[in-house]
Amino acid sequence: MEVSKEIKVVKNYKGALSHNIFRIISQASEELELESYVIGGYVRDHILKRGAPKDIDIVAVGSGIELAKKVAEILPHKPKVQVFKNYGTAMLRAYEMEIEFVGARKESYRKDSRNPIVEDGSLDDDQNRRDFTINALALGLNENNFGNLLDPFDGIEDLDSKIIKTPLDPDLTYSDDPLRMLRAIRFATQLNFKIEKESLNSITRNKSRIKIISKERITEELHKIMLAEKPSKGFSLLHKTGLLAIVLPELTDLEGIDEIEGQKHKDNFWHTLEVVDNISKNTDDLWLRWAALLHDIGKAPTKKFHKKIGWTFHGHEFVGAKMVYKLFKRLRLPLNEKMKYVQKLVLMSSRPIAIVDNDVTDSAVRRLIFDAGEDIEDLMTLCEADITTKNPNRFKKYHNNFKVVRTKMKEVEERDHVRQFQPPVSGEEIMETFNIKPSREIGIIKETIKEAILEGEIPNEHQAARELMLKKGKELGLEVKVKL
Ligand code: ATP
Ligand code: MG
């Protein structure tokens with residue numbers, strides 16, 4: 001069909017549309033006699049060569065839902081079309097991608113909601129409602145404009161100079177949908193782009209509008225920032241614009257260096273960001289990265305100055321672990337084993353350091369492995385990331401100390417298997433031996449055996465443990481049942 005409007009063709013990007021799906025969407029558009037475009041993330045990421053796309057967004061000038069249905073009809077595997085009638089959108093899965101269809105639309109916003117009033121519109125209207133110039137790029141999918149780029153806001157130029165910029169007045173764009181403030185910072189972090197000055201000022205001005213955004217949306221963006229190569233970029237932007245103090249005040253509370261009588265402590269906020277960047281070089285695990293971000297949050301409420309010893313943060317690990325629960329609850333992060341894992345790492349975050357401060361004894365290492373269990377490797381990764389000293393000698397010394405701990409961990413674990421500790425003598429065996437019912441004594445005997453193993457007084461073996469059981473039983477006045 002003839003594409004009606006006059007368009008400014010900057011360049012043709014047929015190469016971006018070599019996937020079969022685009023031919024099929026093109027065919028469906030011709031059959032329905034409507035215009036369609038691929039828009040947003042797919043186009044951006046293709047030009048940035050960001051690897052295989054997970055989703056594709058299609059705009060139809062007309063009904064997106066009808067187009068989705070037509071595409072599904074043509075596709076050999078006849079996928080199911082999920083229709084979201086309220087939003088006028090539809091989604092289908094093909095070639096391991098999610099393809100979203102939407103009718104071109106015009107949006108107007110009210111003050112108290114990020115849900116706009118929507119009406120049908122032109123492609124222009126649709127590009128105007130996009131968040132950033134680099135996300136408004138569209139490629140034609142009809143026969144006579146296949147691969148033609150429509151770039152009304154010079155998004156290509158911004159891709160080139162790595163700039164995040166809104167298509168319209170930033171105050172309008174951010175105030176209309178404040179989630180875009182987080183998206184700006186997230187894209188700047190993921191793509192290593194700069195947010196244009198006007199935009200950054202506008203985010204700062206509009207920061208309190210973030211309060212109308214649901215916690216789930218906020219954490220979704222925080223997760224994406226967290227999973228970037230250098231999360232500190234995002235967190236310092238959040239900090240600079242004042243958003244962090246609204247979203248994660250526990251972190252901004254860590255900022256600052258106090259000095260009394262010439263004694264200073266380090267700035268725990270900037271230290272934390274370094275730790276997160278460090279750990280991100282060694283793990284892609286989202287929750288381990290969260291543990292790094294939160295490992296010192298207990299330091300703000302526990303900070304004290306003592307004339308003799310200077311600054312202390314006594315019990316900050318325990319207080320921090322409790323704060324993790326509150327923070328997860330407030331942000332609607334999962335309150336399941338993920339939260340418990342983060343709490344555990346925060347709680348134990350000083351343990352490996354405490355070991356290397358003294359002589360690294362077998363029993364200290366054994367206790368560490370016992371308490372950390374399956375998470376011991378992650379805990380070590382966190383502690384190594386925690387080394388942010390700028391003194392090269394100290395840096396080397398700390399890392400070497402942790403190497404010693406790791407070697408010792410291996411030796412001890414091979415010998416004593418305390419990582420997944422199973423008591424070598426069971427409660428049943430104790431009851432059977434002394435002919436007793438469930439009672440306090442059983443707990444005492446089990447605890448004695450566990451302690452002896454962790455202290456290295458007996459090996460983690462049944463025979464040795466049984467002997468200790470008999471000895472302890474005798475001390476407790478228990479008699480061995482005589483077998484007849
Ligand atoms: P990614 O999928 O990597 O997060 P994306 O750019 O594809 O990046 P999506 O959230 O999938 O982001 O959204 C697809 C497109 O929809 C964006 O490119 C943008 O054009 C538009 N968009 C998404 N969210 C908004 C928003 N809050 N305001 C304006 N436009 C948006
Ligand atoms: Mg996308």
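Residues numbered from 1 in each chain as written. Chains lettered and ligands numbered in written order. Predicted model: local features only at pLDDT ≥ 70, side-chain atom pairs only at ≥ 80, totals over all residues. Heavy atoms only, no water.

Engineer: Any chance you could explain unusual backbone geometry here in plain terms?
Structural biologist: With phi around 55 degrees, E33 is a residue other than glycine that occupies positive phi space. Within the fold, E33 resides in the loop between helix 1 (20-32) and strand 1 (35-39). Backbone geometry places D154, a non-glycine residue, at a positive phi of 55 degrees. Mapped onto the elements of the fold, D154 is located in the loop between strand 9 (149-150) and helix 5 (155-160). Exposure remark for D154: the relative accessible area of 37% places this residue in the partly exposed category. (Helix = DSSP H or I, 4+ residues; strand = E, 2+ residues; numbered from the N terminus. Buried < 20%, exposed > 50% of the residue type's maximum accessible area, 1.4 Å probe, protein only.)

Engineer: Can you help me understand helix 19 (residues 362-372) in this one?
Structural biologist: An α-helical turn contains 3.6 residues, so a residue and the one three or four places further along point in the same direction. For helix 19, the set of buried residues is S363, V365, R366, L368, I369 and A372. Positive phi shows up at G373, right after helix 19, with a value of about 55 degrees.

Engineer: Sorry, what's going on with the pairing of strand 1 here?
Structural biologist: Every other side chain in a regular strand lies on the same face of the sheet, so the side chains alternate between the two faces. Burial analysis of strand 1 places five of its five residues in the buried class, which makes it a mostly covered element. Side chains of strand 1 alternate between two faces, with E35, Y37 and I39 and S36 and V38 buried alike. Inspection of the sheet shows strand 1 paired to strand 2 (residues 55-61) by five bridges, in the antiparallel sense. Residue pairing in the sheet places S36 in a bridge with A60 of strand 2. Here three bridges tie strand 1 to strand 8 (residues 138-140), and the two strands are oriented antiparallel to one another. From the neighbouring strand, I39 faces strand 8, where its bridge partner is A138. (Pairing = 2+ DSSP bridges.)

Engineer: So what exactly am I meant to see when it comes to the environment of N336 here?
Structural biologist: Following the sequence through the fold, N336 ends up in the loop between helix 16 (316-330) and helix 17 (337-347). Note: C-alpha distance between N336 and M348 (twelve residues apart in sequence) is 19 Å. Only 2.9 Å separates the side chain of N336 from the backbone nitrogen of K338, close enough to count as a polar contact. (Polar contact = N/O pair within 3.5 Å; in protein donor to acceptor, adjacent residues only side chain to side chain.)

Engineer: What exactly am I supposed to notice about the pairing of strand 2 here?
Structural biologist: As defined by bridge partners, strand 2 adjoins strand 5 (residues 97-103) across six bridges and the pair is classed as parallel. Pairing of I56 across the sheet is with I99, part of strand 5.

In short, the description is geometric, and any link to function would need to be established separately.
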